[in-house]
Amino acid sequence: AVQGFVWGLNSFDQWGVELGKVLASQIRKQMNEARTKGRLMSSQDGHNASTTYLLNKYLSGKAQLKYADAKDVFPCDIIASEDCKVPSDI
């Protein structure tokens, strides 16, 4: 905040955060539509190949969820983290 004041910028005017909210809302609607219609995302949804791949991995992981307490609903094979573990009660 101090550095923003020195430079004459409003440190709390985060247009990127607002843009992210708008984009996330659009993607969420597309993913909900795809999931309810039983289809995966495609290039016709307007995303690049990498984004489409990750969204489809997420949708596939959600479809295969077999435990009630959803701690990790994102497929572990695309998260490089020791914290991503499937619960032992499957």
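Right, let's walk through the structure included here. (Residues numbered from 1 in each chain as written. Predicted model: local features only at pLDDT ≥ 70, side-chain atom pairs only at ≥ 80, totals over all residues. Heavy atoms only, no water.)

### Thoughts on a nonpolar patch on the surface
Phase 1 of the analysis: Residues V2, F5, V6, W7 and L9 make up a contiguous nonpolar surface patch of roughly 670 Å² in combined accessible area.
Phase 2 of the analysis: In this structure, V2 sits in helix α1 (residues 2–7).
Phase 3 of the analysis: For V2, a relative accessible area of 64% gives the class exposed. (Patch = residues over 30% accessible without salt bridge, like charges linked within 9 Å, V, L, I, M, F, W, Y side chains within 5 Å. Areas by Shrake-Rupley, 256 points an atom, 1.4 Å probe, with all protein chains shown as cover. Salt bridge = Lys/Arg side-chain N within 4 Å of Asp/Glu carboxyl O. Helix = DSSP H or I, 4+ residues; strand = E, 2+ residues; numbered from the N terminus. Buried < 20%, exposed > 50% of the residue type's maximum accessible area, 1.4 Å probe, protein only.)

### Topic: helix α2 (residues 15–36)
Phase 1 of the analysis: An ideal rise of 1.5 Å per residue puts 32 Å on 22 residues; α2 measures up with 32 Å between its terminal C-alpha atoms.
Phase 2 of the analysis: G38 sits one or two residues past α2 and shows a positive phi near 70 degrees. (Expected span 1.5 Å × (residues − 1).)

### Some words on the nonpolar core
Phase 1 of the analysis: Counting residues in each nonpolar core, the largest one holds five residues, listed as M31, A34, M41, L55 and L59.
Phase 2 of the analysis: The set of elements that each furnish at least two residues to this core consists of α2 and α3 (49–63).
Phase 3 of the analysis: Not counting the four nearest positions on each side in its chain, M41 is found in contact with Q30, M31, A34, H47, T52, L55, N56 and L59. (Core = buried A, V, L, I, M, F, W, Y, C linked by side-chain atoms within 4.5 Å. Contact = heavy atoms within 4.5 Å.)

### Re the side chain of N56
Phase 1 of the analysis: Examined against the element boundaries, N56 turns out to sit in helix α3.
Phase 2 of the analysis: For N56, a relative accessible area of 13% corresponds to the buried category.
Phase 3 of the analysis: Setting aside residues up to four positions removed in sequence, N56 forms contacts with L40 and M41.

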